[in-house]
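One letter stands for each residue in the lines below.
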Amino acid sequence: MPRRAPRVRRVVVRGGRPLRRGVGSGNAPRSVAGVTMAADRVTVVEHPLVQHKLTLMRDKERSTQGFRRLLNEIGMLLAYEVTRDLPLEEFAIETPIGPMEGQRIQGKKLVLAPILRAGVGFLDGMLSLLPSARVAHIGLYRDPDSLEAVEYYFKAPSDLADRTVLVLDPMLATANSAIAALDRLKARGAADLRFVCLLAAPEGLAKLAAAHPDVPVWTASIDSHLNEHGYIVPGLGDAGDRMYGTR
Ligand code: PRP
Ligand code: URA
């Protein structure tokens, strides 16, 4: 009999190795690389469609076109998971038969904040599920020697303080880019933030938890480690280059 995979699992990263936990496991704070964080701070989306498409993307023979299409499709599936707990409010409507109390998502429209370039790969898929979301663009690149994030562009809605912001980047490696993006968004008033990626390195998760313990993370996989060049192993290579056919 084929095994049915659970939809999502929560994990705790301790000392660089992911420790798997089932859905609904305790929410008690735990120590992670010297930082205390809730056990459900990291959600690995194990949906079979996500895992299947991710494996296709990792294949070094995948074309630029195929890579981009898959990233877009996974973006849509991750949007479904990351919005699972958004608060609803009652909303009165009339169906053709009569009145009813429906439900709608409470509060202002979400903000999608892709980190350029590769984060843009998630954008169309997410916007197809969240068509009225606002978009903040954050231009960052990793200095190849220091691996520090260098900002070259930032444009965001002015009322970030009132909105839930989903920060998008397929790769969480050293976490320098994610931390720089979150620092910048918080400096502009954002207080309700979520980080969505495709692959995360345990080192990056621990560093992100230390810098921004209030920001939960959704990922399709926690990979093994970073190599000496700061690349995720086994990873999928350079996401931006694979997406745009550069290099
Ligand atoms: C890649 C990736 C992330 C960053 C992750 O971007 O898209 O933004 O690296 O690495 P980190 O966690 O170590 O910061 P890159 O700097 O290559 O820019 P690009 O997307 O424009 O290619
Ligand atoms: N950025 C990428 O695109 N890939 C990695 O493996 C690490 C950082």
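Residues numbered from 1 in each chain as written. Chains lettered and ligands numbered in written order. Predicted model: local features only at pLDDT ≥ 70, side-chain atom pairs only at ≥ 80, totals over all residues.

Caption draft 1: Just the overall build of the chain, in detail. Helices and strands together make up the secondary structure of the chain, namely six helices and 19 strands. Per-residue burial over the chain gives 38% buried out of 247 residues. Here the analysis covers contacts within the chain between residues at least 6 apart in sequence; of these, 61% occur between residues at least 24 apart. (Helix = DSSP H or I, 4+ residues; strand = E, 2+ residues; numbered from the N terminus. Buried ≥ 20, exposed ≤ 12 C-beta atoms within 10 Å, placed from the backbone. Contact = placed C-beta atoms within 7 Å.)

Caption draft 2: Seen up close, the site of ligand 1. Contacts to ligand 1 come from 22 residues, most closely from R142, A173, T174, S177 and G240. Breaking the shell around ligand 1 down by element, the ones donating at least two residues are β8 (111–116), β10 (137–142), β13 (171–172), α4 (176–187) and α6 (239–244). It is α4 that contributes the most residues to the shell around ligand 1, three residues altogether. Split by residue class, the shell around ligand 1 holds twelve nonpolar, six polar and four charged. (Near = placed C-beta within 6 Å. Nonpolar A, V, L, I, M, F, W, Y, C, P; charged D, E, K, R; others polar.)

Caption draft 3: Geometry of the sheet that holds strand β15 (residues 199–200). With parallel pairing, the three strands of this open sheet are ordered in space as β13-β15-β17. Of all strands in the sheet, those with a lone pairing partner are β13 and β17 (221–222), marking the two edges. Looking at chain direction, β15 and β17 are connected through two bridges and run parallel. Each bridged residue has a counterpart across the sheet, and for L199 the counterpart in β17 is S221. (Pairing = 2+ DSSP bridges.)

Caption draft 4: Broad picture of the site of ligand 2. In the vicinity of ligand 2, the residues found are M171, A173, G230, Y231, I232, G235, D238, A239 and G240. Class assignment of the residues belonging to the shell around ligand 2 gives a composition of five nonpolar, three polar and one charged.

Caption draft 5: Spatial organisation of the nonpolar core. By size, the foremost hydrophobic cluster in this structure holds 64 residues, and its most contacted members are A113, V167, L172, L185 and V196. When sequence neighbours within four positions are dropped, the list of residues in contact with A113 reads A136, I138, A156, V165, L166, V167, L168, A181 and L185. (Core = buried A, V, L, I, M, F, W, Y, C linked by C-beta atoms within 7 Å.)

Caption draft 6: The arrangement of the confidence of the model for the chain in detail. For the chain, the average pLDDT comes to 88, and 84% of its residues sit at 70 or higher. Confidence drops under pLDDT 50 across residues 3–7; counting only partners more than four residues distant or on other chains, this segment forms six contacts. (pLDDT = per-residue confidence, 0-100.)

Caption draft 7: Representation of the packing of helix α2 (residues 64–82) against helix α3 (residues 120–129). As a packed pair, α2 and α3 sit with axes 7 Å apart at the nearest point and diverge in direction by 45°. As far as their axial angle goes, α3 and α2 are oblique. The handedness of the crossing between α2 and α3 comes out as right-handed. For the pair α2 and α3, the contacting residues are R68, L71, N72, E73, G75, M76, A79 and Y80 in the first and G121, F122, L123, D124, G125, M126, S128 and L129 in the second. (Axes fitted to C-alpha atoms, helices over the stretch in contact; angles between N-to-C directions. Parallel < 35°, antiparallel > 145°, perpendicular 65-115°, else oblique. Left-handed = near helix turned anticlockwise from the far one by under 90°.)

Caption draft 8: Geometry of helix α5 (residues 202–211). The buried count for α5 comes to seven of ten residues, which makes it a mostly enclosed element. Within α5, burial applies to P202, G204, L205, A206, K207, L208 and A209.

Caption draft 9: Broad picture of the pairing of strand β11 (residues 149–155). Across six bridges, β10 lies against β11 in antiparallel orientation. Note that in β11 the partner of I138 across the bridge is F154. Taking the residues that link successive antiparallel strands as the turn, the β10-β11 hairpin has six residues, and the phi of L147 there is positive, at about 65°.

Caption draft 10: Region of interest: the pairing of β8. Among the six residues that make up β8, five are buried, leaving the element largely enclosed by the rest of the structure. Pairing of β8 with strand β9 (residues 134–135), which is carried by two bridges, proceeds in the parallel orientation. Bridge pairing in β9 places V111 opposite R134. Examined bridge by bridge, β8 and strand β12 (residues 164–168) share four bridges and lie parallel to one another. When the sheet's bridge partners are listed, P114 is paired in β12 with L168. For β8 and β10, the ladder comprises two bridges, and the chain directions are parallel. Its bridge partner being in β10, L116 is matched across the sheet by G139.

Caption draft 11: Fine view of α4. The terminal C-alpha atoms of α4, which comprises twelve residues, lie 16 Å apart, in line with the 16 Å expected from a rise of 1.5 Å per residue. When α4 is considered as a whole, its buried residues turn out to be N176, S177, A178, I179, A181, L182 and L185. (Expected span 1.5 Å × (residues − 1).)

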